[in-house]
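Next come the chains, spelled out residue by residue.
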Amino acid sequence: MATERTLAILKPDCVRKELIGTVLARIQDAGFAVRALKMITLSKREAEGFYAVHEDKPFFDELTDFMSSGPCVPVVLEKENAIADFRTLIGATNPDEADEGTIRADFADSISTNIVHGSDSVGNGQKEASYFFAEHEIVANRAA
Ligand code: RTP
Ligand code: MG
């Protein structure tokens, strides 16, 4: 299986609930290596840019209001099969439908406030990582 990178965002609800460490520990315990990480507050426009693929959806305004409502933590993660494995780890978009033991099932309050984002393809993972990080900010190897 190929080593892949995915872009995760610990969303503003994760930060507000003081769950950064808890969620990151779950992610690292599942074998994901952290390659880059920062805390930032997105502007409404930046949130709209990040989720542009959803601009025609009825939930776009609510989604981008939420994503710009406070600090969030974008993280570049690396692992074999990272894209699919990360989406398995976080669970379904709606926490009511997420499998038991997934991050969204355990910590998310609703479909709109669902704790974490994960890229949905290798190509989008690359695009999304470059939305937040310059290439030199992404470390090349696991720390020794
Ligand atoms: P994400 O992009 O945040 O990782 O979430 P996802 O792939 O599981 O879901 P996606 O379809 O990409 O939707 C992006 C975010 O929009 C919100 N959403 N609300 N009210 C609704 O029907 C609805 N559908 C989606 C969710 O917060 C979702 O994470
Ligand atoms: Mg998505």
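Computed from a prediction, not measured in an experiment: that's the story for all the values here.

A. The sheet that holds strand 1 (residues 3-10), seen in detail. Taken in spatial order, the four strands of this open sheet run 2-3-1-4, and their pairing is antiparallel. What marks the edges here is a single partner per strand, and that holds for strand 2 (33-37) and strand 4 (116-118). Neighbour-to-neighbour, the strand axes of this sheet turn through a mean angle of 25°, independent of strand direction. Bridge analysis of strand 1 against strand 4 gives three bridges, and the strand direction is antiparallel.

B. Here's a closer look at the UniProt feature "active site" (unreviewed entry) in the chain. As annotated in UniProt, the feature "active site" (unreviewed entry) corresponds to His-117 in the numbering used here. According to the C-beta neighbour criterion, His-117 is buried, with 23 such atoms within 10 Å. Not counting the four nearest positions on each side in its chain, His-117 is found in contact with Ala-8, Ile-9 and Lys-11.

Parameters at a glance
- Residues numbered from 1 in each chain as written.
- Chains lettered and ligands numbered in written order.
- Predicted model: local features only at pLDDT ≥ 70, side-chain atom pairs only at ≥ 80, totals over all residues.
- Pairing = 2+ DSSP bridges.
- Helix = DSSP H or I, 4+ residues; strand = E, 2+ residues; numbered from the N terminus.
- Axes fitted to C-alpha atoms, helices over the stretch in contact; angles between N-to-C directions.
- UniProt positions renumbered as here; feature names shortened; annotations may be inferred.
- Buried ≥ 20, exposed ≤ 12 C-beta atoms within 10 Å, placed from the backbone.
- Contact = placed C-beta atoms within 7 Å.

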